[in-house]
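Survey of secondary and tertiary structure
For reference, the chains in residue letters:
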Amino acid sequence: MGPVNSLYPPQTLAETIYLQDRPVALAAPPGRLVVRDDLGLITSPTLDGQVVYRTQRGTVFETRAIKTPGGDYLLMFPASTPSYPEGHSHYGRADRKVNDLFAFRSTDRGASWSGPTRPIEVDYNLHGFVPLTPRSDGGLPEGRIYCFGTQPIWGLYTRERGLHENAPIGFRYSDDDGHTWSEVRLIRPLNDPDFIGMSAMRMCETEAGTWLLGSHEADWSYRPLMTRQYILRSEDQGRSWELLPHARHGGWHAGGFNRMDELRPIDLGGGEVYALARTPEGHLWNLRSLDDGRTWSEPKPTPLVHPDAPPMLFKLSNGNLVAFHHNRHHDLDYTGLHSDKEASMADRSEVWAAISHDGGRTWSEPRFVFANALAPEYDQPFMNHQCSYIDAFVDDGVVNLFVSHRWHQALHLRIEEVALHELPTFAELF
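Heads up: these notes are all about the structure in this document.

Glancing now at the overall build of the chain. For the chain, the count of helices and strands is 3 helices and 28 strands. Along the first, second and third principal axes, the C-alpha set of the chain runs to 60 × 45 × 45 Å. Classification of the 430 residues of the chain by burial places 61% in the buried group. Within the chain, contacts between residues at least 6 apart in sequence are counted, and of these 59% link residues at least 24 apart. With an accessible surface of roughly 16500 Å², the chain has 49% of that area assigned to carbon and sulfur atoms. Across the chain, 40 positive and 56 negative side-chain charges occur, with their mean positions spaced 2 Å apart.

Below, the structure is given as structure tokens:
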């Protein structure tokens with residue numbers, strides 16, 4: 001199956017959108033920006049892509065992709081199961097089976113995609129695919145891939161008392177390039193064996209072979225919502241784990257907001273690990289470890305403007321870091337995460353990129369990447385503006401981005417790595 005853009009009817013473009021509070025008429029976009037009707041985006045001229053999958057009524061959640069040891073591109077995401085063709089299919093809102101983990105595969109570096117398949121058959125719902133391909137010299141079978149993530153197994157978590165997003169965290173592995181997967185193995189940290197939480201962000205393996213996975217717990221019975229952020233750490237390739245910084249309920253949070261979620265760690269080498277985390281404060285916050293993830297600095301805000309949305313942090317081929325962030329935050333009177341709140345959800349509609357040459361200590365001026373260009377058609381702002389939860393990897397000088405756009409289509413976007421520095425700044429747009 002080749003590019004699937006032609007399989008779907010045209011979408012309705014907006015007449016006017018807002019970039020950094022500036023009205024932009026799509027009939028006359030500024031700064032050489034390009035309106036890509038087939039994608040439903042307005043983009044910088046050096047970015048293009050295709051629709052991999054679109055559902056007309058159901059939902060498509062967190063897109064995650066890797067280049068497999070065999071050289072294929074493997075994309076997986078939770079989406080509405082065929083027995084539940086329409087409606088909201090997030091595991092945290094369901095008391096029955098409503099989603100599957102869909103897989104698409106490309107054997108030609110994303111020029112064409114085949115799928116969907118459903119390689120993990122379980123009777124419960126799944127969350128995002130958190131991939132890990134361990135180092136080849138670590139003693140594991142060559143070519144093994146891991147799939148980590150939230151495991152809301154019936155009977156092992158509760159949907160009562162505001163704890164509906166907290167579930168066991170577990171992993172599967174594949175020794176055939178991601179075509180089939182093992183049974184799940186649940187993580188039981190030595191210092192908190194019954195830990196439950198949520199994991200949907202990318203993890204990392206350090207230079208020393210340590211595995212680090214972010215996980216947070218949420219309690220929706222609190223008004224406003226309370227969350228705590230943790231890191232699951234393993235020095236023995238998943239056989240044993242420790243919960244950092246402490247056992248529940250001693251996780252990190254942003255002072256004054258009682259919140260921190262969805263942490264993304266990334267290895268910098270030499271024992272140094274950097275992490276960005278989601279907060280409602282208006283910026284991404286960072287933490288740093290200088291001892292292979294054993295101990296961490298206190299969380300502090302970065303200059304990266306961001307609403308209550310996840311970090312999207314990746315390493316470039318030269319070792320620099322790129323953070324895709326929304327560069328908008330309008331909900332200054334924050335009282336909780338509300339998917340029907342126009343200001344907070346609209347802040348997810350545009351994506352900018354900042355680069356760090358020093359491991360996250362300083363960041364460049366943000367540069368515009370793309371934004372939603374479709375007219376509102378859903379009854380919830382949560383659906384109408386979504387351009388968040390981006391995944392990415394670099395292959396042969398090309399940054400491959402994967403976006404769950406408006407929670408109803410999976411996009412594969414491409415930009416040359418060198419072109420990141422040529423993206424327009426705000427001043428160059430306006």
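Moving on from the coordinates now.
With antiparallel pairing, 6 strands are arranged side by side in an open sheet as β3-β4-β25-β24-β23-β22. The open sheet terminates on both sides in strands that have one partner only, identified here as β3 (34-36) and β22 (313-315). Within this sheet the neighbouring strands show an average axis-to-axis angle of 25°, counted without direction.

With antiparallel pairing, 4 strands are arranged side by side in an open sheet as β6-β7-β8-β9. Edge strands, defined here as strands with exactly one partner in the open sheet, are β6 (64-67) and β9 (114-117). Recorded for the sheet is a direction-independent mean angle of 20° between the axes of neighbouring strands. Strand direction decides the pairing type here: strand β8 (residues 99-106) and β9, joined by 2 bridges, are antiparallel. Across the sheet, residue Arg105 finds its bridge partner in β9, namely Ser114.

A word on the state of the cysteines. Under the criterion given, the structure shown has 0 disulfides. Distance from the sulfur of Cys147, which forms no disulfide, to the nearest cysteine sulfur (Cys204) is 17 Å. Taking relative accessible area as the criterion, Cys147 reaches 4% and is therefore assigned buried.

Counting buried positions over the 8 residues of strand β27 (residues 398-405) gives 8, a clear majority of the element. Residues Val398, Asn400, Phe402 and Ser404 line one face of β27 and the alternating positions Val399, Leu401, Val403 and His405 line the opposite face, and both faces are buried. In this structure, strand β26 (residues 391-395) lies alongside β27, joined through 5 bridges in antiparallel fashion. If you follow Asp395 over to β27, its bridge partner there is Val398.

This paragraph deals with the nonpolar core. Where a protein is soluble and globular, its nonpolar side chains tend to be buried together. Core analysis: the largest hydrophobic core is formed by 26 residues, its most contacted members being Phe324, Val369, Phe370, Leu401, Leu413 and Ile415. Mapped onto this core, the elements with two or more residues apiece are β23 (321-325), β24 (350-356), β25 (367-372), β27 and β28 (409-416). If you look at the next biggest cluster of nonpolar residues, it comprises 17 residues, including Val130, Tyr146, Met203 and Trp241.

Per the stated rule, a full pass over the model turns up 28 salt bridges. Arg278 serves as the salt-bridge partner of Glu262, at 2.7 Å between the closest nitrogen and oxygen. Separated by 16 residues along the polypeptide, Glu262 in strand β18 (residues 261-269) and Arg278 in strand β19 (residues 272-278) bring together distant segments of the chain. The class for Arg278 is buried, based on a relative accessible area of 3%. Glu272 serves as the salt-bridge partner of Arg361, at 2.7 Å between the closest nitrogen and oxygen. Of this pair, Arg361 sits in the loop between β24 and β25 while Glu272 sits in strand β19; the two residues are 89 residues apart in sequence, bridging distant segments of the chain.

This part covers the environment of Glu142. Checked against the element boundaries, Glu142 lands in the loop between β10 (130-132) and β11 (145-150). Between the C-alpha atoms of Glu142 and Asp175, which are 33 residues apart in sequence, the distance is 7.9 Å.

Once that is clear, we can look at unusual backbone geometry. In this structure, the amide linkage connecting Gly115 to the following residue, Pro116, adopts the cis form with an omega of 5°. Cis rather than trans, the peptide bond between Arg223 and Pro224 has omega equal to 5°. Here Pro224 lies in the loop between β15 (211-219) and β16 (226-234). Phi is positive for Asp21, close to 70°, though the residue is something other than glycine. Of note, Asp21 is situated in the loop between β1 (16-19) and β2 (22-25). Backbone geometry places Glu262, a non-glycine residue, at a positive phi of 55°.

What follows covers the side chain of Thr227. Summarising the element assignment, Thr227 is placed in strand β16. Among the polar contacts made by the side chain of Thr227, one reaches the main-chain amide nitrogen of Met260 at a distance of 2.9 Å.

Now for the environment of Thr227. Look at Thr227 and you get buried, because its relative accessible area is 2%. Each C-alpha atom, one on Thr227 and one on Gly87, is 26 Å from the other, the two residues being 140 residues apart in sequence. When neighbours within four sequence positions are excluded, Thr227 is seen to be in contact with His216, Glu217, Ala218, Trp252, His253, Asn258, Arg259, Met260 and Asp261. A polar atom in the side chain of Thr227 sits 2.7 Å from the side chain of Asp261.

What counts and how
- Residues numbered from 1 in each chain as written.
- Predicted model: local features only at pLDDT ≥ 70, side-chain atom pairs only at ≥ 80, totals over all residues.
- Heavy atoms only, no water.
- Helix = DSSP H or I, 4+ residues; strand = E, 2+ residues; numbered from the N terminus.
- Buried < 20%, exposed > 50% of the residue type's maximum accessible area, 1.4 Å probe, protein only.
- Contact = heavy atoms within 4.5 Å.
- Areas by Shrake-Rupley, 256 points an atom, 1.4 Å probe, with all protein chains shown as cover.
- Lys, Arg positive; Asp, Glu negative; His and termini not counted.
- Charge placed at Lys NZ, Arg CZ, Asp CG, Glu CD.
- Pairing = 2+ DSSP bridges.
- Axes fitted to C-alpha atoms, helices over the stretch in contact; angles between N-to-C directions.
- Disulfide = S-S within 2.5 Å.
- Core = buried A, V, L, I, M, F, W, Y, C linked by side-chain atoms within 4.5 Å.
- Salt bridge = Lys/Arg side-chain N within 4 Å of Asp/Glu carboxyl O.
- Polar contact = N/O pair within 3.5 Å; in protein donor to acceptor, adjacent residues only side chain to side chain.

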